[in-house]
Amino acid sequence: MTWNQFLLVALALPLVVALLNYLVRLPQIRKGSIIVMALALIASAVWLHTRVGDNAVVLSFPWADLTILILDLAILAYITYVGIERRHPYIIALAVLQLAGLLYIELGLRPDVSEVPSLVIDRLSVVMYLVVAVIGSIICVYALQYMEEHDDRAHPEERKGRFFLWFVLFLGIMNGLIFANNLFWLYFFWEATTLCSFQLIGHDDTRESRDNALLALFLNSIGGLAMIAAIFLLVNTFGGAAASLSAVVNSGLAVLSTSFLIALAFLVIGGFTKAAQLPFQNWLLGAMVAPTPVSALLHSSTMVKAGVYLILRLAPAYSGLPLSTAIAIFGGFTFLAASLLAVADDNAKRVLAYSTVANLGLIVACCGINTSLAVNAAVLLIVFHAVCKALLFMGVGVIEHNVGSRNIENMEGLAARMPAMMLVVSIGVFGMFLPPFGVLFAKWAAMEASIREPLLVALLVAGSTLTALFWTKWLGRMLSTYPREEEEVQPVSMPGYYVTSLGTLALGLVLLSLGLPAVVNGLVLPSTMTWYPPAIQGMSGLNLAAFSWANYYNPEIILGNAVVPEGLFPLGLLFIGLLLMLVIPMAFFEPEKERVGDIYLSGENLDEGPLPLYFAGAMESPSKVSLGGYYFRGVLNDRTVLSLNIVAAALMVMMIGVVAS
Amino acid sequence: MNLVHLAQAKSPWVLHYDASSCNGCDIETVACLTPLYDIERFGAVPIGSPKHADMLLVTGNVNHKSKRVLRNIYDQMTEPKVVVAIGICATSSGVFHQSYNVLGGADQAVPVDVYISGCPPRPEAIIDAIIMGAEKLKKKWKEEEHPVKRSNQGSDTERSTADVG
Amino acid sequence: MSWALVGIGVLGAPLLGGLLFGIDRKITARLQGRKGPPIVQPFYDVIKLLAKDSTYTNRRQVFYLYSHLLWMLVALVILLTRQDFLVFVFALTFSEVSLALAGFATKSPYSHVGSNRELLQILASEPVLVFMAFALYLATGSFLTGGVFLIDEPLLFSYPLLFLAVLLVLTILMRKSPFDISSSAHAHQEIVRGISTEFSGKYLALLEIAHWVELIIILIIVFLFWVKPWWAGVLLALGAYFLELLIDNTYARLKLGTMVRTTWAWGFGLSLVNILYFTL
Ligand code: SF4
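Residues numbered from 1 in each chain as written. Chains lettered and ligands numbered in written order. Predicted model: local features only at pLDDT ≥ 70, side-chain atom pairs only at ≥ 80, totals over all residues. Heavy atoms only, no water.

## Here we look at the packing of helix α3 (residues 65-85) of chain A against helix α7 (residues 183-201) of chain A
Residue and element names in this part refer to chain A. Between α3 and α7, the least distance of the axes is 10 Å, while the angle of their chain directions is 35°. Here α3 and α7 pass one another in a crossing that is left-handed. Seen from α3, the contacting residues are D65, I68, L71, D72, I75, L76, Y78, I79 and V82; seen from α7, they are F184, W185, Y187, F188, E191, A192, L195, F198 and Q199. Here the contact of α3 with α7 is composed, by residue class, of 14 nonpolar, one polar and three charged. (Axes fitted to C-alpha atoms, helices over the stretch in contact; angles between N-to-C directions. Helix = DSSP H or I, 4+ residues; strand = E, 2+ residues; numbered from the N terminus. Left-handed = near helix turned anticlockwise from the far one by under 90°. Contact = heavy atoms within 4.5 Å. Nonpolar A, V, L, I, M, F, W, Y, C, P; charged D, E, K, R; others polar.)

## Considerations on a nonpolar patch on the surface
All names here are of chain A. Nonpolar side chains collect at one region of the surface, where L15, L19, L20, Y22, L23, V24, L26 and I29 lie side by side and expose about 640 Å² of accessible area between them. Looking at which element gives the most residues to the nonpolar patch, the answer is helix α1 (residues 3-23), with five residues. Turning to its location among the elements, I29 is positioned in helix α2 (residues 27-51). (Patch = residues over 30% accessible without salt bridge, like charges linked within 9 Å, V, L, I, M, F, W, Y side chains within 5 Å. Areas by Shrake-Rupley, 256 points an atom, 1.4 Å probe, with all protein chains shown as cover. Salt bridge = Lys/Arg side-chain N within 4 Å of Asp/Glu carboxyl O.)

## Considerations on the site of the ligand
Residue and element names in this part refer to chain B. Every residue lining the ligand is accounted for by S21, C22, G24, C25, I88, C89, G118, C119 and P120. Contributions of two or more residues to the shell around the ligand are made by α2 (24-31) and α4 (87-92). Counted by class, the shell around the ligand contains six nonpolar, three polar and no charged residues. (Near = heavy atom within 4 Å.)

## Here we look at the interface of chain B and chain A
Counting residues at the interface gives 12 residues for chain B, matched by 12 residues for chain A. Both sides together, the interface formed by chain B and chain A hides about 880 Å², and carbon and sulfur atoms give 37% of it. By the criterion of area lost to chain A, the three top residues of chain B are R68(B), N72(B) and Q76(B), representing 47% of everything that side buries. Seen at the junction of chain B and chain A, the total is two salt bridges. The salt bridge partner of R68(B) is E604(A), with a shortest N-O separation of 3.3 Å. Linking chain B to chain A there are four residue pairs in polar contact (both at pLDDT 80 or more). In the side of chain B that touches chain A, the residues fall into four nonpolar, four polar and four charged. (Buried area = accessible area lost by both parts, 1.4 Å probe. Polar contact = N/O pair within 3.5 Å; in protein donor to acceptor, adjacent residues only side chain to side chain.)

## A closer look at the nonpolar core
Counting 389 residues, the largest nonpolar core has F167(A), F272(A) and Y318(A) as the members making the most contacts within it. Top contributing element to this core by residue count: helix α16 (residues 372-403) of chain A, with 22 residues. Excluding residues within four positions of it along the chain, Y318(A) makes contact with L264(A), V268(A), I311(A), L323(A), S324(A), I327(A), C367(A) and N370(A). The next biggest cluster of nonpolar side chains, apart from the first, holds 21 residues, and it includes V82(B), V84(B), I126(B) and A129(B). (Core = buried A, V, L, I, M, F, W, Y, C linked by side-chain atoms within 4.5 Å. Buried < 20%, exposed > 50% of the residue type's maximum accessible area, 1.4 Å probe, protein only.)

## A short note on the state of the cysteines
Within the structure shown, the criterion is met by zero disulfides over all chains. Take C388(A): it sits in no disulfide, and the sulfur closest to it among the cysteines is that of C366(A), at 16 Å. (Disulfide = S-S within 2.5 Å.)

## Description of helix α6 (residues 156-179) of chain A
With 24 residues, α6(A) ought to run about 34 Å at 1.5 Å a step, and its terminal C-alpha atoms sit 35 Å apart, in line with that. The buried fraction of α6(A) amounts to 20 of the 24 residues, a majority that puts the element mostly inside the structure. (Expected span 1.5 Å × (residues − 1).)

## Looking at the interface of chain C and chain A
It is common to give the size of an interface as the accessible area that goes away when the parts come together. Each side of the interface is counted separately: chain C has 66 residues, and chain A has 74 residues. In total, chain C and chain A occlude about 6300 Å² of area from one another, counting both sides; carbon and sulfur atoms represent 74% of this. Per-residue buried area on chain C facing chain A is highest for Y56(C), F90(C) and K107(C); these three make up 12% of the total on that side. Counting across the chain C and chain A interface gives one salt bridge. Between K107(C) and E412(A) there is a salt bridge; the shortest N-O distance is 2.4 Å. Between the two partners, chain C and chain A, sit 12 residue pairs in polar contact (both at pLDDT 80 or more). Residue assignment for the side of chain C that touches chain A shows that the elements contributing at least two residues are β1 (55-56), α3 (59-80), α4 (85-104), α5 (109-140), α8 (201-223) and α10 (256-279) of chain C. With 17 residues, the single largest contributor to the side of chain C that touches chain A is α5(C). Residues belonging to the side of chain C that touches chain A are distributed by class as follows: 43 nonpolar, 15 polar and eight charged.

## Considering the pattern of salt bridges
Tallied over the full model, the rule gives 26 salt bridges over all chains. The salt bridge involving R34(C) is made with D38(B); its shortest N-O contact spans 2.9 Å. Of this pair, R34(C) sits in the loop between α1 (3-31) and α2 (41-51) while D38(B) sits in the loop between α2 and β2 (45-46), each in a different chain. Judged by relative accessible area, which is 10%, R34(C) ranks as buried. Take D38(B): its relative accessible area is 1%, and that puts it in the buried class. The shortest N-O distance in the salt bridge between R175(C) and E118(C) comes to 3.1 Å. Residue R175(C) is located in the loop between α7 (160-173) and α8, and its partner E118(C) is located in helix α5; the two are separated by 57 residues in the primary sequence.

## Details of the pairing of strand β1 (residues 13-20) of chain B
All names here are of chain B. As paired strands, β1 and β2 are joined by two bridges and run parallel to one another. The residue of β2 that forms the bridge with V14 is P46. For β1 and strand β3 (residues 55-60), the ladder comprises six bridges, and the chain directions are parallel. Across the sheet, the residue bridging to L15 is L56, located in β3. (Pairing = 2+ DSSP bridges.)

## Observations concerning the packing of α5(C) against α7(C)
Residue and element names in this part refer to chain C. The geometry of α5 relative to α7 is characterised by a closest axis approach of 9 Å and an angle of 145° between their N-to-C directions. Crossing geometry of α5 relative to α7 is assigned as left-handed. Only L162, A165, V166, V169, I172 and L173 of α7 make contact with α5, whose side of the interface consists of Q121, A124, S125, V128, L129, F131, M132 and A135. Residue classes in the contact of α5 with α7 are distributed as 12 nonpolar, two polar and no charged.

## Details of the environment of L109(A)
Residues and elements named next belong to chain A. Along the chain, the position of L109 falls in helix α4 (residues 89-109). Relative accessible area serves as the criterion here: at 24%, L109 is assigned to the partly exposed category. With 158 residues separating them along the chain, L109 and L267 place their C-alpha atoms 20 Å apart.

## Quick notes on unusual backbone geometry
A cis amide bond links E79(B) with the next residue in sequence, P80(B), at an omega value of -10°. As for its position among the elements, P80(B) is in the loop between α3 (64-76) and β5 (82-86). Of note, the amide linkage connecting K228(C) to P229(C) takes the cis form, showing an omega dihedral of -10°. A positive phi angle, close to 55°, is found at R87(A), a residue other than glycine. Within the element layout of this structure, R87(A) appears in the loop between α3 and α4.

So, to be careful, I would describe these as geometric facts and stop short of saying anything about function.
Structure (structure tokens):
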């Protein structure tokens, strides 16, 4: 396979499949073409992984520059049209400003970008591509079944055609975004993801979904404008050769030039909007009205990662500057604020969205800390968070179709009714905070790296505690069943598409965590090796303590006469713990020798029906046992959201202030 | 085996249920916890959940309403378990005998192992009954090891010989 | 430390913890002017519970109860092998989370109340422990617990405020008044039996044993504040233990909100001030 062939698979194949599904609306063709595409993408990801070494692959397509520009203008024109049609003055203003900016850069400044490579593929792109191609493909398979159940109105085939057009198209665009190096190309792919997201959020065509799609368009346009501003500053000051991501990252100009620094800050703010950091989080929450595959693919595992991917990629450029500290504090604040808001929400998809925002905040904070350990933690978080969240969203989607609600309270007792989904969601949730799993390892690394910024420490400590609270609360609701409920209810059966996609992802999560040393050594460390010396050392063999990290350039590490690593993650020990956790109950628990006890209701239990649901209430009347979770609405309400947003906005203003001074 | 017997005799966790007492017996039962009588020196502690309890202390008559509750609590306790009827009401319903709303003593609802008479019995008598009950716990556990047909009442029950007030 | 010693530690910790609980009950009784149970009373209780029949309400309840004890032991092993303190905090937190999930697994109002409260206890106590991990790093240059054995000055001297914060959350971890919110040792101030209402027989025994291990873990945490010479740390730990007993006996239980507010205002605040002071 040559590079051109690879790009055909990565970029053109999704485009072709998308158009095919839009034009030919046959279920067989849809299923066939999407499954073939999924397999091809996964194969291409593996191929890419083996092909890209430590040196980046540089690909230039100057002939396509004009096409990209025209497409850019087309997208902006379309956004302006949407703004006019929906009477949204801000969207019109933002789109027109972007149009004017782009035209001015192209016609007024006439930058010479012929020397700028269009695409650069390095190890970091490979990690992102693996995430997008593999998880994206799995979600596509899941979507095949999900949309079957979702669209039951008139013209279902037509609507499905439209859905898969944008859905599959998005995959190709995302791949382009990952590889883009020319800032004009990056900007094009960036706007195209905004467009896809807009179309998919509005897919259900209800009032709510249309409004939320518009909100997403509006907030993401702010990010687009920030990018145009950044490109303008760069091109204006340094000429066309500066419109290159790799040049920006490696130039080291940030200490010398203020306009470069401001451009950098604008690019980072662009990343903030896409990553739905506070105060931009509302579009992501609103996006939860979209069908679940959209939430799983765009709004948790891939598209929002584009924002943090950009910030991460730029990290070497602002390393060591006050801007870096400001980004760290900002990310840390988002982590805390989003975790806090997740505690108060009872809508499962919104809780997941808040948790996504929080984790993206953690990644941003890692980029801001900007040490080797922190940046590696950020890459790890991108990978593992994508897997966990995709799994969780897909699980919640299935639950929603069966329960008919997204409310966590309505999921009570799901453990008995849908044991398979309980298992899936448990794996996903435990993946987020049970010791041996990848996210916790990344969080461990992130927290230990945060020691450089004492203020950040406080934010992360508070945020991570809240994380455990809302996950456990949710799991607790799902676990809560009556005695003997399992024997009384029929478990719901799962269609094959769900079993395949959810099973693959759940298994993948466990295997990835088991193979953490391989992931770290094979994917994560190489991806940042160009800029950062490897900080994490994976110990070889079956060692109980699999990871240690040390800032070996710091002589203080040697205390007395003993050499102690700065941190140590005992992966082996924790896995033994996990294994015993599964084995011991099985070995010691003999259900046939024990009795299933009733629940204690002060002795007032009544025998009515098969399940012990009732107790004798006032005047001996049968009253049903009903329980609910804690949501702290008294403390956490709209006022909290508002004040958190204000603080976040203030932080961002301060960040720009730091840069400008 | 001996260790288990020792432990069972030394750690009777008691659950107190008031089936419809005049509170006289309840006050005396609670008095057992006070520093003067200190029932905890025998390992007995009052416990809130029937699932933890070894011993059910019943005070007062069993009536139509409390019968179901008493039965439910008794069922939720796990083996081995004993029931102690405290006071003449719980033993035979005393002066309320044959009253229209009273069913009788605790044994109308659950099998009683130890009876203490008195109206109310003194704390010493209650402590004596609890220790007697703890001894019965051991026996019951043995029975479970070698299951024999168990008679819940009659010769198997014991009466406290302590001074009744 | 060799693995044989760790094995001895894992087996010995529950025994020592149980004994300390016995002493606790004896001292509490004496403070109240009672004779009190024999010192080995906790062992009588657990042996009796193990011999008792058990009921369960569903498999998940059993699963999470075992998980509670297991992760408590994992946390202990991490401490004993002087490994990363932050990982230790994660393991301990997961152990507590497992307990909460075991309570949630039954649709019982009382265990649910207990579990919800348990979650808030985690919320209240975890931050201070994480801060302690950072304090360890700042003092020794390593997150490894082993680091404190390599520095000459006791941790207590540089982190007196953090020590106060740790004392504050010890009340929560040891389930002592005024913060024994999720499950009290004393029946008189509990809604039925809190989180353990639905556990019986050997499952309750598991919970008791986990408490014993937890107690040892807590004492080790205090010990870390003064490891050289070792007896000073032991005295410090025992002193803290006795102090908690005194507080337990002189305070009634406070409200849930008070607990979270106090620990977040004082525990969080004191730790942060101390760490900022140390870094500046
Ligand atoms: S025995 Fe006497 S003191 Fe006890 S409940 Fe009956 S009447 Fe009251």
